Amino acid sequence: MAEKLSAVKGMNDILPPSVPRTEKLPDSVLWQWFETAVCDVLGRYGYQYLLTPIVEPTALFVRGLGEVTDIVEKEMYSFTDSMNGDRLTLRPEATAGIVRAMIEHNALYNGPLRVWTVGPMFRHERPQKGRYRQFHQLDVEALGYAGPDVDAEMILMARALWRELGLVEGQHVRLEINSLGQPDERRAHRDALVKHFEQHADVLDEDSRRRLQSNPLRILDSKNPAMQAVVEAAPKLIDFLGAESLAHFDAVRGVLDAVGLEYRVNPRLVRGMDYYNLTVFEWVTDQLGSQGTVCGGGRYDGLIGQLGGKPAPAVGFGLGIERLLLLIQALGLPVPSGAPDVYAVVMPGTPLPPVVAALEALRAAGVSVVQHGAGPDGLGSLKSQFKKADASGARHALVFGGDELAAGEVTVKALRDGGGQQERRSLASVAAWAATLKS
Ligand code: ATP
Ligand code: MG
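Naming follows an unreviewed UniProt entry, where the protein appears as Histidine--tRNA ligase of Ramlibacter humi. Heading Subcellular location (unreviewed entry) of the UniProt record for the protein holds this comment: "Cytoplasm". As stated in UniProt under Catalytic activity (unreviewed entry), the record for the protein gives "tRNA(His) + L-histidine + ATP = L-histidyl-tRNA(His) + AMP + diphosphate + H(+)".

Structure, rendered in C-alpha cells:
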C-alpha cells in the first residue's frame, strides 16, 4: 500500500464549510469574507496591493530582523537550494521582503508609498491553537512617512477593520501602545537594564542569562512567571526618552484621544523584531490564551537604510489571520455562511439545455445558483437531491422537470423560512423573482 500522505505538521488546509474539519480552523468562507473586508477598508485609506515572493535570501532576514531575535535564532525555515547552493528562507514575516522589493525597484523615488499584502508566513514553532508553522498575515506598510499621523493611521485602519468585521474595540480587542524611542535612547536604557538584571542574575532563566549581553531588551518579553517581579522592577525605557521621541509619542496619543480610541500604554511592549523604533502597538484579546496578540506593528525608521536603501522612515503592522478568525468564531459574531441563494434540483430525464439556460439567466442577474450535478450513478433520486439542497444552506430550491419545462415553468420551493412552500413560476419571470432575493 502507498504511504499515507498528509500535510506537514503545523501547516493547515483551509477548507470549504462543506468539508468536515478535524482541525477547528475557520473555513474558507470566513477567509474570503476577511479578505473582502480588507480590500474595502484599506482601499478607503488609499493603500495599494502588492505581492512579493514567499522565498527570499536568508541574509535578508538575518540583516533585517536581527541576529538574536527568536525568529532568526530558531524559527526560520532555511535551506540550501540544491541547484546552485543559494541560502534561502521561507519568509517568516512580510516587512523585510517588502522593503527589499521597494529598494530593488527604487519605489520611493517618486515619494512615499502605502502598500499592503496578504499571504502565508512560516515559523518553526510549537504548533498549538492560534500558533502554526504556516500561518497567514495581512501586512500593511507605509514607507517614507515620518510623522505621527501615519502611526495613528495604522492603528485607526486596524480599528476600521475590526468594525467592518463586527469586532468592538475596547471589548473584543484592546489596543496597547508604547514608544521604543531612538537608538541612542535605547542604548542608555539598555545599559541600565543590563545593570539591573546583573544585580538579579540569580533569578534569570538560561535564555535570559544568554540574552543579558546579546539582547537584554528581549528579557522584558519573557513569559517565565519566576522572573516577573524582576522584569516588573526593571528600568522603563520611557524614562530614557528625549523630548523629540516624547513629542512623537504624545502626538500619536493625541490623535487616538481625539477620536476616542481607548488604549493602554504598556511600557513592557517591545515587539519581536529589532527593527522597531518610536511607536509600537499591539491589538490583544484574552480569548485566545497565550496567543492573544491579533495584530502588532510599529515604526521602523532604520530598516530601509539597514537593508541598503536610501534611508527613509516607515511604519507598518502584521495581523494574524488565523487568530483573528478564531477570535471571531469564539465570540460567535455573525459571519457569512457561504450558502448559495438557490439550489437547482433536476428530475431525472429532464432535458438539460433549457435548465442550464434558465440557471445562466439567474446568475447573470447576480444570483448564486448551484446546479445539482450528476455523479457516477447519475443525478440520484429527488429525495437525495433535496438532501443536498438542504445541506447547501440555500434558501430556495428550483425543481426542474420535463412537464414543467414543457409548460415553460419551474417549481420554486422554499427551503428555510417558507417552511416547504412551493409554487410554479414561468421561466421568463424567474430571474426577476430571484433578483428580489438579493435585496
Ligand atoms: P507571538 O508573540 O504570539 O509569537 P509575534 O510577536 O511573534 O507573536 P509578529 O511577528 O508580530 O508576532 O506577527 C504579527 C502577528 O502574526 C501576530 O500578532 C500574530 O497574530 C500572528 N502570528 C505570529 N506568529 C504566528 C504563528 N506562529 N501562528 C499564527 N499566527 C502568528
Ligand atoms: Mg512569535
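A. Seen up close, the UniProt feature "binding site: L-histidine" (unreviewed entry) in the protein. Under the present numbering, the feature "binding site: L-histidine" (unreviewed entry) in UniProt falls on E93, A94, T95, R123, Q137, E141, R271, Y275 and Y276. In this structure, the second largest pocket is lined, among the annotated residues mentioned, by R271, Y275 and Y276. Relative to the assigned elements, R271 resides in the loop between β8 (263–265) and β9 (277–284). Discounting residues that sit within four places of it in the chain, R271 has contacts with R218, D221, Y276, V280, F281, E282, G296 and G297. Here Y276 takes part through its side chain, which lies 3.3 Å from a polar atom of the side chain of R271. For Y276, the contacting residues outside a window of four places in its chain are L180, R186, R271, G297, G298, R299 and Y300.

B. Quick look at the pairing of strand β10 (residues 293–299). Burial analysis of β10 places six of its seven residues in the buried class, the great majority of the element. In terms of strand pairing, β9 meets β10 through six bridges, oriented antiparallel. When the sheet's bridge partners are listed, W283 is paired in β10 with C295. Inspection of the sheet shows β10 paired to strand β11 (residues 314–320) by five bridges, in the antiparallel sense. Residue pairing for β11: R299 is matched across the bridge by V315.

C. View of the sheet that holds strand β3 (residues 77–80). What the three strands build is an open sheet, ordered β2-β4-β3; its pairing is antiparallel. The open sheet has two edge strands, β2 (55–57) and β3, and neither has a second partner. Direction aside, neighbouring strands of the sheet carry axes that sit 35 degrees apart on average. Both β3 and strand β4 (residues 87–90) contribute to a ladder of four bridges, which runs antiparallel. Residue Y77 lies in a different strand from β4, and its bridge partner there is L90. Against the sheet, helix α2 (residues 58–65) touches β2, β3 and β4, its axis set at about 70 degrees to β2.

D. Representation of unusual backbone geometry within the structure. The phi dihedral of N106 is positive, around 50 degrees, even though this residue is not glycine. Mapped onto the fold, N106 is located in the loop between α4 (95–104) and β5 (113–122). With phi around 45 degrees, L278 is a residue other than glycine that occupies positive phi space. Assignment of secondary structure puts L278 in strand β9.

E. Region of the structure containing the site of ligand 1. Near ligand 1 lie 16 residues; those nearest to it are R123, E125, R131, R271 and T293. Within the side chain of R123, an N or O atom sits 2.8 Å from an oxygen atom of ligand 1. Note that a nitrogen atom of ligand 1 is positioned 2.6 Å from one of the side-chain N or O atoms of E125. Alone, ligand 1 offers 590 Å² of accessible surface; in the complex the protein occludes 89% of this. Counting residues per element, the ones that place at least two in the shell around ligand 1 are β6 (134–143), β10 and β11. A per-element tally of the shell around ligand 1 places β10 first, with three residues.

F. Molecular detail of empty space enclosed by the protein. Enumeration over the complete set of coordinates arrives at one cavity of 30 Å³ or more. Of the pockets and cavities examined, the largest cavity occupies roughly 80 Å³.

G. Structural view of the domain arrangement of the protein. Under the domain assignment used here, the protein contains domain 1 (28–181 + 241–331) and domain 2 (342–437). Relative placement of domain 1 and domain 2: their C-alpha centres are 46 Å apart.

H. Quick look at the packing of aromatic side chains. Here the structure, examined in full by the defined rule, presents five aromatic pairs. With 4.7 Å between their ring centres and 50 degrees between their planes, Y49 and W116 make a pair best called tilted. With Y49 in strand β1 (residues 48–49) and W116 in strand β5, the pair connects residues that are 67 residues apart, well separated along the chain. Aromatic pair W162 and W283: ring centres 5.5 Å apart, planes at 80 degrees, arrangement edge-to-face. In this pair, W162 sits in helix α5 (residues 148–165) while W283 sits in strand β9, placing the two residues 121 residues apart along the sequence. As far as burial versus exposure is concerned, W162 and W283 are alike and both buried. Joined through ring pairs, the aromatic side chains of Y275, Y276 and Y300 make up one cluster.

I. Region of the structure containing the environment of V342. One can find V342 in strand β12 (residues 342–346). Using a relative accessible area of 0% as the deciding quantity, one classes V342 as buried. Discounting residues that sit within four places of it in the chain, V342 has contacts with V367, S368, V369, V370, A394, H396, L398 and L437.

J. The arrangement of the layout of surface pockets in detail. In this structure, the second largest pocket encloses a volume near 540 Å³. Lining the second largest pocket are 24 residues, with P183, R186, L217, D274 and Y276 positioned closest to its centre. Counting residues per element, the ones that place at least two in the lining of the second largest pocket are α2 and α6 (183–199). The dominant element in the lining of the second largest pocket, judged by the number of residues it contributes, is α6, at four residues. Considered class by class, the residues forming the lining of the second largest pocket number nine nonpolar, eight polar and seven charged.

Reading the values: rules and limits
Residues numbered from 1 in each chain as written. Chains lettered and ligands numbered in written order. Predicted model: local features only at pLDDT ≥ 70, side-chain atom pairs only at ≥ 80, totals over all residues. Heavy atoms only, no water. UniProt positions renumbered as here; feature names shortened; annotations may be inferred. 1 Å grid on protein atoms, 1.4 Å probe; cavity = no way out; pocket = protein on both sides within 12 Å on 5 of 7 lines; lining within 4 Å. Helix = DSSP H or I, 4+ residues; strand = E, 2+ residues; numbered from the N terminus. Contact = heavy atoms within 4.5 Å. Polar contact = N/O pair within 3.5 Å; in protein donor to acceptor, adjacent residues only side chain to side chain. Buried < 20%, exposed > 50% of the residue type's maximum accessible area, 1.4 Å probe, protein only. Pairing = 2+ DSSP bridges. Axes fitted to C-alpha atoms, helices over the stretch in contact; angles between N-to-C directions. Near = heavy atom within 4 Å. Areas by Shrake-Rupley, 256 points an atom, 1.4 Å probe, with all protein chains shown as cover. Points joined across faces, edges and corners; volume = space filled by probe spheres on them. Domains from an automatic or database assignment. Phe/Tyr/Trp six-rings, centres within 6.5 Å; stacked < 30°, edge-to-face > 60°. Nonpolar A, V, L, I, M, F, W, Y, C, P; charged D, E, K, R; others polar.

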